[in-house]
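# Breakdown of the fold
Each chain is listed here by its residues.
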Amino acid sequence: MKSTSIRRAIVPGIAALTLALSACGAGNESSSTDSSSSGSVSGTLNGGGSSAQESAQAAWKAGFQGANSGATVNYDPVGSGTGRENFISGAYKFAGSDSALSTDEGELDKAKQACGGEDPIEVPAYVSPIAVVYNLQGVDKLQLDAPTIAEIFAGKITKWNDPAIADQNPSVKLPSTTITPVHRSDDSGTTNNFTDYLEQASEGKWTYPADSIWPIKGGEAGDGTSGLVAAVKAGDGTIGYADESQAGDLGVASIKVGDSYNAPSAEGAAQVLANSPRVSGRADTDMAIEVNRKDTDAGAYPLMLTSYLIACQHYDTQSDADLVKGYLSYAVSTEGQQAAATQAGSAPLDSKLQQEAAAIVDKIAVK
C-alpha cells in the first residue's frame, strides 16, 4: 500500500485503517489484553516511521478491529528518521523507530521539548533479524563473515568469485559477476543497525561510524525497505540489507557468529537483545538498548534491529491519551507481541522487557 508522507504533505495521505483500541489496553504486565472490558475509545491517531515495523503495525491494528470500531489509526511507513522528525514536530502522536532517539544534534532534547519538558517514552516493541539479501543467478546458499560484508558494501570486494567470498563457500560455484551493493536512500533505522553491526563486528574493515544515513556517496539505493528489496530484485549480482520479514524470495546469507554460520532467526535476535546492556544516562521511561554486535553465543544473530515505539507521557486531550495508551499497550502486550510474531516473523519481547515496557506505557495520561 502506498502512502503519502507528512514530510511531503501537511495532512497524512494514508488510507484510513479501522482498528480497535483500548483505553487501558495491556497496562497489566501479564495481561493478554481484553480491551473490550475497559470500554471503547474513538477518534483518529496518526503515527508513522519505521518501514520495518509495517507488517507488525498491520497485525496490531487487526488485533483491535472488533473492540473499538470508532477508532482509526494511520501509520505511515516513511522511515525511522522521518518518523522521529514528525513526532518532534507534533505531526505524529507516536512514532516507530528502528533507532533510539539520539543525543546527537539534540534529537532527544527536542523530543523532550515536544513532550512539554518531560522525558519521552521509548519502549522496544519489535525485534527482528536483518537479512543480508542478494540476487545472484545460480546461487541459493551463501555464507559471509562481517569483515567480508563490510568490504563488499565499502566497494573493496567487487566480484562474486573473490577469494574472500569463495573461501567461505567452498561448495558453491560462484560466478565472476560484478557485485552491486544496494543501500537505503532515506534516513533509516535499519541502516543505523546495519552500519552499527559493521562497525562493531568487522574487525576494522568498516571505517565509518554507525549512522542512519548511508555514509558512502553514490551507488545503488532504494527508498524504504520495499524500495531496497525491489532494487535488489531488479538486478543480477545485487546485495542489500533488509528486515528479514521482507526478504521474500531473495537469497539470504548466513553470517558468521563465533565458529558457525547462522541464518537470520527471530530467536537469535531476541537472544542478543536480552543479553545487551541499556544505553547509559537515559530516563526511567526510556528503554534504549546498546546492542552487543559481538555476541558469539550459540544461536545468536547479532545483525538485528530493535524497533521502538516513541510517545509522550502526557497528552493535551483525554482522547489522545486514551488512543496512544491503548494502542501502545496492545503492541507491547503478550497478545500484541504474538500477533506481530505470527504476521511479521518477529521475536516476542523477553518477558522481563515486555513487562517493563507495559508498565511504562500504562503511565500515559492526560495533562
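Residues numbered from 1 in each chain as written. Predicted model: local features only at pLDDT ≥ 70, side-chain atom pairs only at ≥ 80, totals over all residues. Heavy atoms only, no water.

### With respect to the sheet that holds strand 10 (residues 254-257)
Two strands in a sheet stick together by hydrogen bonds in their backbones, pointing the same way (parallel) or opposite ways (antiparallel). Convention followed: Only when DSSP finds a minimum of two bridges between them are two strands counted as paired. Secondary structure elements are taken from DSSP: a helix is a run of H or I of four residues or more, a strand is a run of E of two residues or more, and numbering for both begins at the N terminus.
One open sheet accounts for three strands, arranged 5-10-11; its pairing is mixed. Only two strands of the sheet have a single partner each, and these edge strands are strand 5 (143-144) and strand 11 (260-262). Here strand 5 pairs with strand 10 via two bridges, running parallel. Each bridged residue has a counterpart across the sheet, and for Leu-144 the counterpart in strand 10 is Ile-255.

### Considerations on the confidence of the model for the chain
Formally: By definition, pLDDT measures how confident the predictor is in each residue, and it falls between 0 and 100. We call two residues in contact when some of their heavy atoms are within 4.5 Å.
A residue-level look at the chain finds 88% of positions with pLDDT of 70 or above and a mean pLDDT of 89. In this model residues 1-38 is a low-confidence stretch, pLDDT under 50, and it forms 104 contacts with partners more than four residues away in sequence or in other chains.

### Topic: the pairing of strand 4 (residues 121-135)
Operational definition: Each residue's exposure class comes from its accessible area (1.4 Å probe, protein chains only) as a fraction of the maximum for that residue type: buried when under 20%, exposed when over 50%, partly exposed otherwise.
For strand 4, the buried fraction is high: 14 of the 15 residues fall into the buried class. Relative to strand 12 (residues 304-311), strand 4 is paired through eight bridges, and the arrangement is antiparallel. In the sheet register, Glu-122 faces strand 12, and the bridge partner there is Ile-310. The sheet contact formed by strand 4 and strand 8 (residues 238-243) spans six bridges and is antiparallel. Its bridge partner being in strand 8, Val-133 is matched across the sheet by Gly-240. For strand 4 and strand 9 (residues 251-252), the ladder comprises two bridges, and the chain directions are antiparallel. Within strand 9, the position partnered with Tyr-134 by the bridge is Gly-251.

### As for the side chain of Asp-145
For the record, the criterion: Just so you know, the count uses Lys and Arg for positive and Asp and Glu for negative, and it drops His and the chain ends. The salt bridge criterion pairs a side-chain nitrogen of Lys or Arg with a carboxyl oxygen of Asp or Glu, the two atoms within 4 Å. Polar contacts here mean pairs of N or O atoms no more than 3.5 Å apart (in protein, one a potential hydrogen donor and the other a potential acceptor; neighbouring residues in sequence count only if both atoms are side-chain atoms).
Position of Asp-145 among the secondary structure elements: in the loop between strand 5 and helix 4 (146-153). Lacking a salt bridge, the buried Asp-145 has Lys-256 as its closest oppositely charged neighbour, with an N-O distance of 5.3 Å. Within the local environment of Asp-145, its side chain forms a polar contact with the side chain of Thr-148, the two groups lying 2.6 Å apart. Ignoring any residue separated from it by four or fewer positions in sequence, one finds Asp-145 in contact with Gln-168, Lys-256 and Tyr-261.

### Quick notes on the environment of Tyr-208
The topology assignment puts Tyr-208 in the loop between helix 6 (189-201) and strand 7 (220-222). Residue Tyr-208 is classed as partly exposed on the basis of its relative accessible area of 28%. Note: C-alpha distance between Tyr-208 and Ala-154 (54 residues apart in sequence) is 9.4 Å. When sequence neighbours within four positions are dropped, the list of residues in contact with Tyr-208 reads Glu-199, Pro-215 and Ile-216.

### Section: the state of the cysteines
This is how the line gets drawn: Criterion for a disulfide: a pair of cysteine sulfur atoms at a distance within 2.5 Å.
Across all of its chains, the model carries one disulfide by this definition. Two residues share a disulfide in this structure: Cys-115 and Cys-312, whose sulfurs sit 2.1 Å from each other. Because the torsion about its S-S bond is -80°, the bridge between Cys-115 and Cys-312 counts as left-handed. Here Cys-115, found in the loop between helix 3 (107-114) and strand 4, pairs with Cys-312, found in the loop between strand 12 and strand 13 (314-315); they are 197 residues apart in sequence, far enough to count as distant.

### Focus: the pattern of salt bridges
On inspection of all chains with the given rule, the structure shows twelve salt bridges. The closest approach of N and O atoms between Asp-249 and Lys-233, which form a salt bridge, is 3.9 Å. Note that Asp-249 is positioned in the loop between strand 8 and strand 9 and Lys-233 in helix 7 (residues 224-234), a separation of 16 residues in sequence. You can call Lys-233 partly exposed: its relative accessible area is 43%.

### Here's the deal with the packing of helix 9 (residues 318-332) against helix 11 (residues 351-361)
Inclusion rule: Angles here are taken between N-to-C directions and fall from 0 to 180 degrees, while the axes themselves are lines fitted to C-alpha atoms, restricted in helices to the stretch in contact. By definition in this entry, angles of less than 35 degrees are roughly parallel, angles greater than 145 are roughly antiparallel, angles of 65 to 115 are roughly perpendicular, and the rest are oblique. Each residue gets one of three labels, nonpolar for Ala, Val, Leu, Ile, Met, Phe, Trp, Tyr, Cys and Pro, charged for Asp, Glu, Lys and Arg, and polar for the others, Gly among them.
Two elements in contact, helix 9 and helix 11, have axes separated by 9 Å at closest approach and are oriented at 175°. Classified by the interaxial angle, the pair formed by helix 9 and helix 11 is roughly antiparallel. Where helix 9 approaches helix 11, its residues Lys-325, Leu-328, Ser-329 and Val-332 are matched on the opposing element by Gln-354, Ala-357, Ala-358 and Val-361. Across the contact of helix 9 with helix 11, the residue classes break down as five nonpolar, two polar and one charged.

### Section: helix 10 (residues 334-344)
What counts here: Starting at the helix axis, one direction is taken to each C-beta atom, and the arc is that of these directions.
The complete set of buried residues in helix 10 reads Gly-336, Gln-337, Ala-340, Ala-341 and Ala-344. Seen from one end, helix 10 has its buried residues packed into an arc of 140°, which puts them on one side. At the exit of helix 10 stands Gly-345, carrying a positive phi of roughly 75°.

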